[in-house]
Amino acid sequence: ETGVTQTPRHLVMGMTNKKSLKCEQHLGHNAMYWYKQSAKKPLELMFVYSLEERVENNSVPSRFSPECPNSSHLFLHLHTLQPEDSALYLCASSHSRDPGWYGYTFGSGTRLTVV
Amino acid sequence: KQEVTQIPAALSVPEGENLVLNCSFTDSAIYNLQWFRQDPGKGLTSLLLIQSSQREQTSGRLNASLDKSSGRSTLYIAASQPGDSATYLCAGGGSAHNTDKLIFGTGTRLQVFP
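Residues numbered from 1 in each chain as written. Chains lettered and ligands numbered in written order. Predicted model: local features only at pLDDT ≥ 70, side-chain atom pairs only at ≥ 80, totals over all residues. Heavy atoms only, no water.

Asker: Explain the overall build of chain B to me, using residue names and the numbers behind them.
Answerer: Check the secondary structure of chain B and you find zero helices and eleven strands. Counting helices and strands in the order they occur from the N terminus, chain B gives β-β-β-β-β-β-β-β-β-β-β. What you see for chain B is a C-alpha radius of gyration of 14 Å, in line with the 13 Å of a compact globule of 114 residues. For chain B, the spread of C-alpha atoms along the three principal axes comes to 45 × 25 × 20 Å. (Helix = DSSP H or I, 4+ residues; strand = E, 2+ residues; numbered from the N terminus. Rg over C-alpha atoms; globule rule 2.2 N^0.38 Å.)

Structure (structure tokens):
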């Protein structure tokens with residue numbers, strides 16, 4: 001375990017379902033990120049939270065809704081997804097003061113399949 | 001827009017070989033660079049972080065270097081083992097802002113056979 005825990009590890013959902021992905025870290029980091037990894041594409045940044053405030057939304061469709069209730073927890077709420085949203089969703093955290101100095105820590109990801 | 005290219009895309013070698021994986025950025029203004037390993041269907045494991053004031057990092061059989069003037073990084077793996085088989089990703093950060101984000105390459109898929 002890296003210190004960043006993601007649940008569930010696998011999720012299959014229908015296009016009309018509502019589900020949530022959870023990410024938790026107890027590394028003392030105060031910035032958290034959602035990335036999407038699709039086959040044969042680079043990781044894509046979806047959302048960035050720093051000190052619990054969303055600071056970046058990389059033009060992600062509104063069917064993805066993030067929530068960061070505190071610096072240790074991050075959620076990604078999903079509703080009315082499309083089959084092309086099937087991917088590995090990765091959570092990461094960093095020291096927001098200087099992530100370039102301390103680096104990023106990733107979770108193991110949630111493999112999402114939309115049917 | 002920063003883009004990252006990793007060469008080769010795939011590599012298959014016998015055990016014991018010394019390997020070089022390459023990573024290049026279209027914009028050489030890279031603040032820091034991190035190399036990750038990803039096993040199939042799993043998350044990313046950080047291997048080496050080259051911080052903004054550094055040019056090189058070593059951990060065991062791994063050595064990574066960063067040439068900021070050319071925007072290129074190299075990951076050197078000595079005496080490769082079957083357990084090294086994985087996808088290797090490089091990612092660069094472009095600024096010192098406190099919400100800096102990494103730009104990832106598409107990875108090099110490595111297979112080391114006995």
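Okay, back to it.
Asker: Got a sec to walk through the environment of T80 of chain A? Specific residues and values, please.
Answerer: All names here are of chain A. Here T80 is to be found in the loop between strand 8 (73-79) and strand 9 (87-94). By relative accessible area, which is 41% here, T80 ends up partly exposed. Distance from T80 to M13, taken between C-alpha atoms, is 9.6 Å for residues 67 residues apart in sequence. There is a polar contact of 3.4 Å between the side chain of T80 and the side chain of H79. (Buried < 20%, exposed > 50% of the residue type's maximum accessible area, 1.4 Å probe, protein only. Polar contact = N/O pair within 3.5 Å; in protein donor to acceptor, adjacent residues only side chain to side chain.)

Asker: Help me get a handle on the state of the cysteines, residues and values and all.
Answerer: Residue and element names in this part refer to chain A. Considering all chains together, one arrives at two disulfides over all chains under this definition. A sulfur-sulfur separation of 1.9 Å characterises the disulfide bridge that pairs C23 with C91. Negative torsions about the S-S bond denote left-handed disulfides, and the value of about -70° found for C23 with C91 makes this one left-handed. Here C23 is found in strand 3 (residues 18-25), whereas its partner C91 is found in strand 9, with 68 residues between them in sequence. With a relative accessible area of 0%, C91 lands in the buried category. (Disulfide = S-S within 2.5 Å.)

Asker: Help me get a handle on the pairing of strand 11 (residues 110-114) of chain A, residues and values and all.
Answerer: All names here are of chain A. Along strand 11, the buried face is formed by T110, L112 and V114; none of R111 and T113, which line the opposite face, is buried. As paired elements, strand 2 (residues 10-13) and strand 11 share four bridges and run parallel to each other. Paired with H10 across the bridge in strand 11 is R111. As defined by bridge partners, strand 9 adjoins strand 11 across three bridges and the pair is classed as antiparallel. Note that in strand 11 the partner of L88 across the bridge is R111. (Pairing = 2+ DSSP bridges.)

Asker: Can you tell me about the packing of aromatic side chains, naming the residues and giving the values?
Answerer: Under the criterion given, the structure shown has seven aromatic pairs over all chains. Chaining the aromatic ring pairs together yields one cluster made of Y35 and F106 of chain A together with F36 and F104 of chain B. (Phe/Tyr/Trp six-rings, centres within 6.5 Å; stacked < 30°, edge-to-face > 60°.)

Asker: Explain the sheet that holds strand 3 of chain A residue by residue, including any values.
Answerer: Residue and element names in this part refer to chain A. Judged by pairing direction, the sheet is antiparallel, and its four strands sit side by side in the order 1-3-8-7 without closing on themselves. Pairing within the sheet leaves two strands with one partner each, and these edge strands are strand 1 (4-7) and strand 7 (64-70). Taking the axes of each pair of neighbouring strands and ignoring which way they run, one obtains an average angle of 20° across the sheet. Sheet topology note: the strand 7/strand 8 ladder contains five bridges and is antiparallel. Considered in strand 8, the bridge of S65 is made with H77. (Axes fitted to C-alpha atoms, helices over the stretch in contact; angles between N-to-C directions.)

Asker: Go over the pairing of strand 5 (residues 44-50) of chain A with me, naming the residues and quoting the values.
Answerer: All names here are of chain A. Counted residue by residue, strand 5 has six buried out of seven residues, so it is predominantly covered. As judged from the six bridges shared by strand 4 (residues 31-37) and strand 5, these two strands associate in the antiparallel manner. Its bridge partner being in strand 5, K36 is matched across the sheet by E44. What sits between strand 4 and strand 5 in their antiparallel hairpin is a turn of six residues, with K40 showing a positive phi close to 60°. As judged from the four bridges shared by strand 5 and strand 6 (residues 53-57), these two strands associate in the antiparallel manner. Note that in strand 6 the partner of V48 across the bridge is E56. Linking strand 5 to strand 6, which pair antiparallel, is a turn of two residues; within it L51 sits at a positive phi near 50°.

Asker: An account of the pattern of salt bridges is needed here, citing residue identities and associated values.
Answerer: All names here are of chain A. Throughout the structure, instances matching the rule amount to five salt bridges over all chains. Between K41 and E44 there is a salt bridge, and its shortest N-O distance comes to 3.5 Å. Accessibility expressed as a relative area gives 43% for K41, which makes it partly exposed. (Salt bridge = Lys/Arg side-chain N within 4 Å of Asp/Glu carboxyl O.)

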